[in-house]
Amino acid sequence: MDEENILKFVSAYLKKKGFKQTEHAFQEELQHSKTTNSSSSQISSNSQFDPDIAKQILSFAESENGPTRYQDGYSKLRSWTYSSLDLYRNELLRVLYPVFIHYFMDLVANGHLQEARSFFNSFREDHEIMHLRDLQKLEGVLSPSHLEEMEFAHSLRQSKVNIKMCQYSYELLLQFLHKTQSTTILGIINEHINFRVYPGQPSSISDDTEVVTLTGSSQDAINQVNEKEIHWGLLEDSLEERLEKTGGLTSDSEKAEGENKEPDWDDNKKKPVEGGKQGSSIKKLKKDKAAGAAGKPTRSETTTVVMAPRVKPELALPTVSAEVEQSILEDLRNRVQLSIVALPSVSLYTFVNTHNGLNCSSISSDGSLVAAGFSDSSLKVWDMAKLGQQSVDSGLQGDSETTPNEFGTSGGKRSYTLFQGHSGPVYSATFSPLGDFILSSSADSTIRLWSTKLNANLVCYKGHNYPVWDVQYSPVGHYFASASHDRTARIWSMDRIQPLRILAGHLSDVDCLQWHANCNYIATGSSDKTVRLWDVQSGECVRIFIGHRSMILSLAMSPDGRYMASGDEDGAIMMWDLLSGRCVTPLMGHTSSVWTLAFSCEGSLLASGSADCTVKLWDVTSSTKVSRTEDNKSGNTSRLRSLKTLPTKSTPVYSLRFSRRNLLFAAGVLSK
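Here goes a summary of the coordinates provided.

The rules behind the values
Residues numbered from 1 in each chain as written. Predicted model: local features only at pLDDT ≥ 70, side-chain atom pairs only at ≥ 80, totals over all residues. Heavy atoms only, no water. Helix = DSSP H or I, 4+ residues; strand = E, 2+ residues; numbered from the N terminus. Expected span 1.5 Å × (residues − 1). Buried < 20%, exposed > 50% of the residue type's maximum accessible area, 1.4 Å probe, protein only. Arc of directions from axis to C-beta. Axes fitted to C-alpha atoms, helices over the stretch in contact; angles between N-to-C directions. Parallel < 35°, antiparallel > 145°, perpendicular 65-115°, else oblique. Left-handed = near helix turned anticlockwise from the far one by under 90°. Contact = heavy atoms within 4.5 Å. Nonpolar A, V, L, I, M, F, W, Y, C, P; charged D, E, K, R; others polar. Pairing = 2+ DSSP bridges.

The next point concerns helix α2 (residues 20-35). Here α2 is 16 residues long and its end C-alpha atoms lie 23 Å apart, about the 22 Å a rise of 1.5 Å per residue gives. If you check which residues of α2 are buried, you get Glu-23, Phe-26, Leu-30 and Ser-33. Down the axis of α2, the smallest arc covering the buried residues is 90°, so these residues share one side. For α2, exposure combined with an orientation more than 90 degrees from the buried face picks out Lys-20, Gln-21, His-24, His-32 and Thr-35.

The structure is reproduced here in structure tokens:
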């Protein structure tokens, strides 16, 4: 290869890569060498190019021009990775996905569309298990303009992926890339991968969660967000605090004695359902105590809510009438204290004959009303007291299944109240804390407010541009929040038709949300595999929780406001410490999507409902204590934290709700 060709290749390479200053300096040097004869003769006589350098330059030129180099380069890396030692394979496999997606996007950006499609289809199977949703989005990239327009692709090209790797694996990888002269892969690694190399033995693939999570910002930016100050305590002067001061929160034994008296249900027609359950839960409590007095729950476990710090509200809170306050205080006095030895009684409402039309369900705070949203754009509400005197008389005894029949009639009348107004499938419904209002969200991008007293639609809230996946009332009522396909969550108040805040930052759909116990924060779970915590007053993101491997489907806040639980599509549940932003403990056990989560009123238990047709009860107190003290030394502690699994016959669990008296209500659809 003569000198002139080499100079051309170098010049073309510098121009292609955009190294303008270097190219300018190179051209000046060439001009200078041409004008000075002595210099040119010196170059021709003395400057013999190293053949290795010449090969390297040629390979650069070829790699720029030949799209087949991408396919060959990735194939080599893939086969080398899969044939490497088992000990290092898991770590080396992590490099394949970032290289794959950036190779694909580079091919598209360079205009090699046919080759890009062929490359994508050849190797997509390797990554479908863990990255199916991301691949489905990238599949739509068919031209360079799509790369610019698609925010997801743009974020991928702008951000770096963190990959944790031991020193030896890292050296093996670099050795292979230099040996095979894989300059394109080295370029991608340099630009888009941030290796966190550590000494010692390789870790298992399950330890590394950030590889599958895209946050759209660097690790430093995330750390900066997670250092913001948050006040996780409860609101000042809450009803629980007042009751504790007056000594109203009685112990279990006093409560059990009090429950032996015949309750008067005339004051509140919604009590019969809970009354029946309450009796059975007390019997169960006594049985547990009789079985072993040593297992008696200590007071320290049940007063975590009372011991939580107090904070001032950032929102103007609605006033509560004396009558309602009295009713709530009565419920709190009669609350069953749950623990490892005193598990809750559960009532499961099963929907039948829904013909695959039911999308969501919701249960009122006392279990007396059940709402369901359907694909035919209707919302239906069942009153448990009116559903048939027979089910009330039977007392809904422990772990029973009550069946609101969608097409059942009673004396020519429907067994439910029908609410019609949406023009698309209803994806979420939520009761106000007092049960007098229902909010529903739909594919028609609206949220509707319904009155359960008037059985009518009161307001239609418009603000989102795409389907609204979830809507949740705040713990105090009046305010509510919505989550949408438009990648935003919005905060509303019942008296305004425009949103008060727009929470933007997720890179994909916001699938679920949950209010903090003090109403100053909102947590949102997204298809981008992250959970974010937002300050209601400022609208800023104050925490980013990274760790899930698939989209987040459910969230729950502990009653003391310190912890949050999140469930994902793969069946994993993670417990987070809001203060540090770290995962306290993962809870593994479900084999399918976790659709709903609920903390018991004193925060000692977590209930999870899943598409695997089970409800699981988890011990929160030991889960948080073990991980803090032992720092997750034992790998399999999550099994010990699962207290009980309650299987249904064939009913995926859509929603769970602990009443103020600590009875657990569940709802689901009978699936064949």
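With that settled, the discussion passes to the packing of helix α5 (residues 68-82) against helix α8 (residues 113-123). As a packed pair, α5 and α8 sit with axes 10 Å apart at the nearest point and diverge in direction by 15°. Taken together, the axes of α5 and α8 lie roughly parallel to each other. Note that α5 runs across α8; the crossing there is right-handed. Contact residues: Tyr-70, Gln-71, Tyr-74, Ser-75 and Arg-78 in α5; Ser-118, Phe-119, Ser-122 and Phe-123 in α8. The residue inventory of the contact of α5 with α8, partitioned by class, reads four nonpolar, four polar and one charged.

The strands that make up a sheet pair up through hydrogen bonds in the backbone, lying either parallel or antiparallel. Spatially, four strands are ordered β21-β22-β23-β24 in an open sheet, and the strand pairing comes out antiparallel. Edge positions in the sheet fall to β21 (510-515) and β24 (541-546), since each of these pairs with one other strand and no more. Averaged over all neighbouring strand pairs, the angle between strand axes comes to 20°, with direction disregarded. Sheet topology places strand β22 (residues 521-526) next to strand β23 (residues 530-535); five bridges connect them, and they run antiparallel. Pairing of Tyr-521 across the sheet is with Asp-535, part of β23.

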